[in-house]
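# Analysis of the macromolecular model
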Amino acid sequence: MSARFSPGDAVRVRAGEPAGHCRTPHYLRGKRGRVVMLHGSYRNPEKLAYLKPGLPRQPLYMIEFDYAEVWAGRQSGRRDRIVADIYQHWLEADPAR
Amino acid sequence: MRAVHDLGGEPAGPVDRSDHEPTLFDQRVDAMMRLLTQPSRAVFTVDAMRRSIESHPPAEYFGLTYYEKWLHAVRRLTIEQGVVSEAELSAKIDAIRARGTDGAPR
Amino acid sequence: MDETHHPHDHDHPHDDHAAIGEHASYRPESLLLEQALRELLIEKEVFSAEDLQRQIEDTESRDPGLGARVVARAWADPKFKARLLADAKAACTSIGIDVANSPELKVVENVPEVHHMVVCTLCSCYPKVLLGIPPAWYKNPQYRSRAVIEPRAVLAEFGTALAPETVVRVHDSTADMRYLVLPRRPADTADWSEEALAGLVGRDALIGVTVPRTG
């Protein structure tokens, strides 16, 4: 599985309810972020959780989110960020930005 | 619907910083899980542990201690994987009750 | 605001039991279940009693002193620090710390303008290979819920006040990367030995809820 995104890319976490084990937290679903780096490619935990091989390996990215994007209506430091590791299949390009 | 374990951003009280040394129970459960998920044995995966822990209903997820949830997951997954059976486990529990839980490891 | 009640470690009378401490409020059937599973798995030779003991001892041997050593070395040696930031596992191995049985490690560096904090909102992912087992608060709902939504209030509960212009980056350990914070070296430590530097670095600074200080 090749890496679709590069550092600096604007991405959006897919919305939607996962069926079963999922490592994309609900509070980030549908949120816009930026790729910080590609960690590498790893077996899919959503499949490993059911003792399936989880192949092909999925690219895993460090994604940073602006605080205000994640928590509308709340305040923190002006440039505070939430950073999470998200698998490629949970990300879509966000070309509007 | 947000799953029980998916806690980011949920309302919650102050952080309680009190702690205690791991008990022998904690240590044994911790060690069992690590041995069972080691690549050389691979009875199940850490991901499967998480999946199992996440399936506790809220009263248990928040009411059981951390390692009791791990223990429940080890039980479920060793049965799921056919390493132990419900019947064997019941029989063993009855046998331990009968002989007394002296806590001494074999 | 809805305050969720999380009963945890509430006191109630217990039978004395060799296997549990006074603080625990385990269900009695849990103790039976643990013993039963352990005995069955040993009988079936899934692992031995010796394996179990060795695992307990290895886990006990891991404590935040390992993380502190890594930080002190990074503070003292810029080449090591560069290696640590680029490939944490390789850097740890190079100073004799066995990190083979660990998920990927990633070290994030605090700098004057940026403070890092680590949480696992979904469970309790933690760099155990360098810090040992996580404290109860790290695994409990309050930290997991609040670290990502009110990091500065949580830091304040740990006695950590940051300048408003300092950026806070909260890392939610959602996948198989385990994060360690490389705190800022306190200013008045120029001629300190590595051992003395390591003494400044506690577990909470490596998680990112406190900062090291001299005195």
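Scroll up to find the structure this text is about.
Residues numbered from 1 in each chain as written. Chains lettered and ligands numbered in written order. Predicted model: local features only at pLDDT ≥ 70, side-chain atom pairs only at ≥ 80, totals over all residues. Heavy atoms only, no water.

## Description of the nonpolar core
In globular proteins that are soluble, nonpolar side chains generally tend to be buried together. If you look at the biggest cluster of nonpolar residues, it comprises 76 residues, and the most contacted ones within it are Leu84(C), Leu130(C) and Tyr143(C). Element by element, the count of residues in this core is highest for helix α3 (residues 64-76) of chain C, at seven residues. Each residue touching Leu84(C), except ones within four places of it in the same chain, is listed here: Val70(C), Ala74(C), Ala91(C), Cys92(C) and Val107(C). Within the second largest apolar cluster, 40 residues are counted, among which are Val29(B), Ala73(B), Val74(B) and Leu31(C). (Core = buried A, V, L, I, M, F, W, Y, C linked by side-chain atoms within 4.5 Å. Buried < 20%, exposed > 50% of the residue type's maximum accessible area, 1.4 Å probe, protein only. Helix = DSSP H or I, 4+ residues; strand = E, 2+ residues; numbered from the N terminus. Contact = heavy atoms within 4.5 Å.)

## Overview of the interface of chain C and chain B
On the chain B side, the residues contacting the 65 residues of chain C number 63 residues. Its largest share of buried area at the contact with chain B, chain C owes to Tyr26(C), Leu32(C) and Leu37(C), together 10% of the area lost on that side. For the pair chain C and chain B, the number of links is six salt bridges. Residues Arg99(B) and Glu39(C) are paired through a salt bridge, measuring 2.8 Å at the closest nitrogen-oxygen approach. Scanning the region where chain C abuts chain B turns up 20 residue pairs in polar contact (both at pLDDT 80 or more). Elements with a contribution of two residues or more to the side of chain C that touches chain B: α1 (28-43), α2 (49-61), α7 (136-139), α8 (141-146), α9 (151-157) and α11 (203-207) of chain C. With 13 residues, the single largest contributor to the side of chain C that touches chain B is α1(C). The class makeup of the residues in the side of chain C that touches chain B is 31 nonpolar, 14 polar and 20 charged. (Buried area = accessible area lost by both parts, 1.4 Å probe. Salt bridge = Lys/Arg side-chain N within 4 Å of Asp/Glu carboxyl O. Polar contact = N/O pair within 3.5 Å; in protein donor to acceptor, adjacent residues only side chain to side chain. Nonpolar A, V, L, I, M, F, W, Y, C, P; charged D, E, K, R; others polar.)

## Regarding α2(C)
Along its 13 residues, α2(C) runs 18 Å from first to last C-alpha, staying within 8% of the 18 Å computed at 1.5 Å per residue. On its buried face, α2(C) sits against α1 (24-37) of chain B together with α1 of chain C. (Expected span 1.5 Å × (residues − 1).)

## Some words on the packing of α1(B) against α1(C)
Close contact between α1(B) and α1(C) brings their axes to 11 Å; oriented N to C, the two are set at 40°. With respect to α1(C), the axis of α1(B) lies oblique. In terms of crossing hand, the pair formed by α1(B) and α1(C) is left-handed. Every residue of α1(C) that contacts α1(B) at Phe25(B), Arg28(B), Val29(B), Met32(B) and Leu36(B) is listed here: Ser30(C), Leu31(C), Glu34(C), Leu37(C), Arg38(C) and Leu41(C). The class makeup of the residues in the contact of α1(B) with α1(C) is seven nonpolar, one polar and three charged. (Axes fitted to C-alpha atoms, helices over the stretch in contact; angles between N-to-C directions. Parallel < 35°, antiparallel > 145°, perpendicular 65-115°, else oblique. Left-handed = near helix turned anticlockwise from the far one by under 90°.)

## Brief notes about the pattern of salt bridges
Throughout the structure, instances matching the rule amount to 33 salt bridges over all chains. Note that Glu150(C) is salt-bridged to Arg74(A), the shortest N-O span being 3.4 Å. Within this pair, whereas Glu150(C) is found in the loop between α8 and α9, its partner Arg74(A) is found in the loop between α2 (67-70) and β4 (81-87), the two belonging to separate chains. Classification of Glu150(C) by relative accessible area gives partly exposed; the value is 24%. Residue class for Arg74(A) comes out partly exposed when judged on its relative accessible area of 37%. Across the salt bridge formed by Arg62(C) and Asp58(C), the nearest N and O atoms sit 3.8 Å from each other.

## Let's talk about the interface of chain A and chain B
Every contact between the two is made by 15 residues of chain A and, on the other side, 17 residues of chain B. Summed over both sides, the interface of chain A with chain B buries roughly 1,100 Å², with 54% coming from carbon and sulfur. Ranking the residues of chain A by area buried against chain B places His21(A), His26(A) and Leu51(A) at the top, with a combined share of 46%. Seen at the junction of chain A and chain B, the total is one salt bridge.

## Considerations on the side chain of Arg146(C)
Relative to the helices and strands, Arg146(C) resides in helix α8. In this structure Arg146(C) comes out as buried when scored by relative accessible area, which is 5%. Within polar-contact distance, the side chain of Arg146(C) engages the side chain of Glu150(C) at 2.4 Å. Leaving out residues up to four positions away in the same chain, Arg146(C) has contacts with Ala12(B), Gly13(B), Pro14(B), Val15(B), Pro151(C), Ala153(C), Val154(C) and Glu157(C).

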